[in-house]
Amino acid sequence: MQPGDYKDILSPTGSSSPFANGTIRFDQVRKSDEGNYLCEARNDVGSGLSKVIFLEVNAPAKFNAEEQAANALISVRFGEKAILGCRVGGDLPILIEWGNKHGKIGPHSNHRYTFRQQELEDGILSELLIASVDRSDSGAYSCRASNPFGSDHTIVTLNVQEPPEQPGNLRVVEVGSRSVGISWLENFNGNSPLINFIIQSKFPSGKNSTRSEFFK
């Protein structure tokens, strides 16, 4: 860069504060502050002196809280493929480690697990792919990122949805002249809110039947 390519820093801008003695202070240095800085000293004698200093900002591995909150819960139907992703910023190289309730997840942890990783302009995107998910895959998955300057972690929860189990312990609890009371136990809901229960009855003759729906 030539001297004419630089912009004067005459007043505090964001994290930087220039001083009259030629120094500049960064209170909270950011990656956007990285680059070349030209310092020039001039008086009435000669053409003056100048020096270029390159400021390198080392960025630790860090997750964006808002972005991860938006992708913290992944719902997938039973038998489908789940893709769990964590995007982290920071200087490369960044090491990503996945884990769940059973411990660290590696290339040989489960034949249904595969990994893929993509380098981004400001970090990397790591994805854990799980083929043909079942109920045992539901739960929290940790994604830990680290580089030479720091580390961070986030949690992605996988919710495997499937049809609900049939109610259990169906029994008659009360019999009246024109009514009957029935109770049952709600079993596993398939990781999805139950909408209603359907009660059907059939008389011994087989000619008449009734159907009732109970909404939750």
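In case you missed it, the structure is sitting above this.
Small disclaimer: the values here were computed from a predicted structure and weren't measured.

Regarding the overall build of the chain
Thinking step 1. Each helix and strand in the chain was counted, giving one helix and 17 strands.
Thinking step 2. Residues counted as buried form 25% of the 216 residues belonging to the chain.
Thinking step 3. Only carbon and sulfur atoms are counted for the fraction: they give 51% of the accessible area of the chain, which is about 15500 Å².

Brief notes about a nonpolar patch on the surface
Thinking step 1. Together, Leu170, Val172, Val175, Val180 and Ile182 give the surface a local cluster of nonpolar side chains, amounting to about 490 Å² of exposed area.
Thinking step 2. Elements with a minimum of two residues in the nonpolar patch: strand S14 (168–175) and strand S15 (180–185).
Thinking step 3. In terms of residue count, S14 provides more of the nonpolar patch than any other element does, three residues in total.
Thinking step 4. According to the relative accessible area criterion, Ile182 is partly exposed, its value standing at 37%.

Considerations on the packing of aromatic side chains
Thinking step 1. Summed over all chains, the structure comprises two aromatic pairs.
Thinking step 2. Note on Phe26 and Tyr37: the rings are 5.7 Å apart at their centroids and 80 degrees apart in plane angle, and the pair reads as edge-to-face. A residue pair is termed long-range when its members are at least 10 positions apart, and Phe26 in strand S2 (residues 24–26) and Tyr37 in strand S3 (residues 35–41) qualify at eleven residues.
Thinking step 3. Residue Phe26 is classed as partly exposed on the basis of its relative accessible area of 22%.
Thinking step 4. When the ring of Trp184 is compared with that of Phe197, the centres are 5.3 Å apart and the planes differ by 55 degrees; the resulting orientation is tilted. One end of the pair, Trp184, is in strand S15; the other, Phe197, is in strand S16 (residues 196–202), and 13 residues separate them in sequence.
Thinking step 5. The exposure class of Trp184 is partly exposed, given its relative accessible area of 23%.

Brief notes about the sheet that holds strand S7 (residues 82–89)
Thinking step 1. Here four strands make up an open sheet; going across it, the order is S5-S7-S11-S10 and the pairing antiparallel. Strands with a single pairing partner mark the edges of an open sheet, and in this sheet they are strand S5 (62–63) and strand S10 (113–120).
Thinking step 2. For S10 and strand S11 (residues 123–130), the ladder comprises eight bridges, and the chain directions are antiparallel. Paired with Thr114 across the two strands is Leu129, which belongs to S11.

Scoring rules and cut-offs
- Residues numbered from 1 in each chain as written.
- Predicted model: local features only at pLDDT ≥ 70, side-chain atom pairs only at ≥ 80, totals over all residues.
- Heavy atoms only, no water.
- Helix = DSSP H or I, 4+ residues; strand = E, 2+ residues; numbered from the N terminus.
- Buried < 20%, exposed > 50% of the residue type's maximum accessible area, 1.4 Å probe, protein only.
- Areas by Shrake-Rupley, 256 points an atom, 1.4 Å probe, with all protein chains shown as cover.
- Patch = residues over 30% accessible without salt bridge, like charges linked within 9 Å, V, L, I, M, F, W, Y side chains within 5 Å.
- Salt bridge = Lys/Arg side-chain N within 4 Å of Asp/Glu carboxyl O.
- Phe/Tyr/Trp six-rings, centres within 6.5 Å; stacked < 30°, edge-to-face > 60°.
- Pairing = 2+ DSSP bridges.

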